[in-house]
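# Per-entry structural report
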Amino acid sequence: MQTLEAVNAIVNTIKNNIEKIGRQLRIIEVCGTHTVSIYRNGFHTLFKGYIDFISGPGCPVCVTHEGYIDNLIELAKMNYTIYTFGDLLKVPGKNMSLAEAKAEGAKIKIMYSPVDTVENISADEEAIIAAVGFETTVPVFALSLEKVLEKDLKNVKFACELKTIDQPLKVLLKDHIKVDGLILPGHVATILGVDGFKFVEEFKLPSVISGFEKYDILFSLLSLTQSILNNDFTVKNEYKRVVKKEGNTVAKRYIERFFERTDAYFRGLGLIEGGGLRLKSEYSAFSVQLKYEYESLSNSACRCTDVLTGKLKPFECPLFEKVCTPQTPKGACMVSQEGSCNAYFRYGKWK
């Protein structure tokens, strides 16, 4: 526990560092959980005029394309049972969400653990597991497939919309956004390790892997401003109690055993080469082949794509707070509790 005096000293040091730099900093927090922590703890107001916090593409629900939702709904209409995490239910498809399809009778069930779901799927149902997420959740789906193989289940398939974090960050930093530094996602780094983010150094940008508590954020900002001041582009690791240099080697072996790179669509960034993961060819019998065009998203008034690439703040979207709320979301950034629009709505003093 930090004393108030110690906290004030850290805050003042951060501000002094920025004053020495001589301008307001643009810092991107890649992970949606960091966005929530920043706004819940008031860092956006504490450092107003010093730091402009930019939300990144690290919320898996937020970057999911409506075409994936449409595919799941169509499969549910074909008498498949769709198992999905709850935060995907309200993501708008072209015509409806999974929640609306469920209300109309589609067999859509919420899962809390894919492994437990596999254990409990009945032999007389054709089940599809919606596999969504970054490297943090991929090992869980690998374990689920291992369980399917052990039980010799022929009635379980995976609809993979899994993402990798490195490729979208490379595209974002190269073509879409100008920032002074990055707060890197602690959850993904737990799997990939510090080594998994060394590529950021190629962009000559200071960065720090951060935990999610308020003191994690504070110490990460201290580290980041010192790195910016010193032109130090080495990836720093504030989350040492969890993140190791090499990451979780067991989890990475599971990922490598069952999955391989593929191209993937990211909301706001388009189709990214090597940005996703699919089941390896030897496990293709357990994979659902998804078919959809990456056309423009149906709700043109929703500015979620611009929010994800730092082009505007959530409150600058014409739908924000007026018709788009967590109860009636019009875009994926408002659906997920890790979405930047959702975080702004709940915690941001944006006016």
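Please read these numbers as outputs of a predicted model, since none were measured by experiment.

## Topic: the nonpolar core
- In this structure, L88, F158, L182, L184, F197, I209 and F259 are the most contacted members of the largest nonpolar core, which totals 116 residues.
- In this structure F158 touches I129, F141, S144, L145, V148, L279, F286, S287 and V288, once residues within four positions along its chain are discounted.

## A few points about the packing of aromatic side chains
- Under the defined criterion, the tally for this structure stands at 10 aromatic pairs.
- Geometrically, the ring pair formed by Y39 and Y344 is tilted, given 4.5 Å between the ring centres and 40 degrees between the ring planes. Of this pair, Y39 sits in helix α2 (residues 32-40) while Y344 sits in helix α14 (residues 340-347), and the two are 305 residues apart along the sequence.
- For Y39, a relative accessible area of 5% puts it in the buried group.
- Note on Y344: relative accessible area 4%, which makes it buried.
- Taking 5.0 Å as the distance between ring centres and 50 degrees as the angle between the ring planes, the aromatic pair formed by F258 and Y283 counts as tilted. Taken as a pair, F258 in helix α11 (residues 249-258) and Y283 in the loop between β11 (270-279) and α12 (304-308) lie far apart in primary sequence, 25 residues in all. Assigned by exposure class, F258 and Y283 land together as buried.
- Three or more aromatic residues link up through ring pairs in this structure, and these residues are Y39, F315 and Y344.
- The lysine or arginine in question, K163, covers the ring of F266, its NZ or CZ lying 5.3 Å from the ring centre.

## Some words on the packing of helix α1 (residues 4-21) against helix α10 (residues 214-229)
- Where α1 contacts α10, the two axes come as close as 9 Å, and the packing angle between them is 30 degrees. Classed by the angle they form, the pair α1 and α10 counts as roughly parallel. Between α1 and α10 lies a crossing of left-handed hand. From α1, V7, I10, V11, T13, I14, N17, I18, K20 and I21 reach across to α10, where they touch Y215, L218, F219, L221, L222, T225, Q226, I228 and L229.
- Here the contact of α1 with α10 is built from residues that sort into 13 nonpolar, 4 polar and 1 charged.

## Things to note about the packing of α2 against α14
- One way to put it is that α2 packs onto α14 with a least axis distance of 9 Å and a crossing angle of 15 degrees. Between α2 and α14, the interaxial angle falls into the category roughly parallel. Of the two elements, α2 crosses α14, and the hand of that crossing is right-handed. Touching T35, V36, Y39 and R40 of α2 are S340, A343, Y344, R346 and Y347, all from α14.
- Each residue belonging to the contact of α2 with α14 can be placed in one class, and the counts come to 5 nonpolar, 2 polar and 2 charged.

## Thoughts on the pattern of salt bridges
- All chains considered together, the criterion is met by 17 salt bridges.
- Here D216 makes a salt bridge to R241, at a shortest N to O gap of 2.7 Å. Placement of D216 in helix α10 and of R241 in the loop between β9 (235-237) and α11 is noted, with a sequence separation of 25 residues between them.
- A relative accessible area of 4% places D216 in the buried class.
- We classify R241 as exposed; its relative accessible area is 53%.
- Because the salt bridges share partners, they merge into one network encompassing E119, K147, E150 and K151.

Rules used in this analysis
- Residues numbered from 1 in each chain as written.
- Predicted model: local features only at pLDDT ≥ 70, side-chain atom pairs only at ≥ 80, totals over all residues.
- Heavy atoms only, no water.
- Core = buried A, V, L, I, M, F, W, Y, C linked by side-chain atoms within 4.5 Å.
- Buried < 20%, exposed > 50% of the residue type's maximum accessible area, 1.4 Å probe, protein only.
- Contact = heavy atoms within 4.5 Å.
- Phe/Tyr/Trp six-rings, centres within 6.5 Å; stacked < 30°, edge-to-face > 60°.
- Helix = DSSP H or I, 4+ residues; strand = E, 2+ residues; numbered from the N terminus.
- Lys NZ or Arg CZ within 6 Å of the ring centre and 35° of its normal.
- Axes fitted to C-alpha atoms, helices over the stretch in contact; angles between N-to-C directions.
- Parallel < 35°, antiparallel > 145°, perpendicular 65-115°, else oblique.
- Left-handed = near helix turned anticlockwise from the far one by under 90°.
- Nonpolar A, V, L, I, M, F, W, Y, C, P; charged D, E, K, R; others polar.
- Salt bridge = Lys/Arg side-chain N within 4 Å of Asp/Glu carboxyl O.

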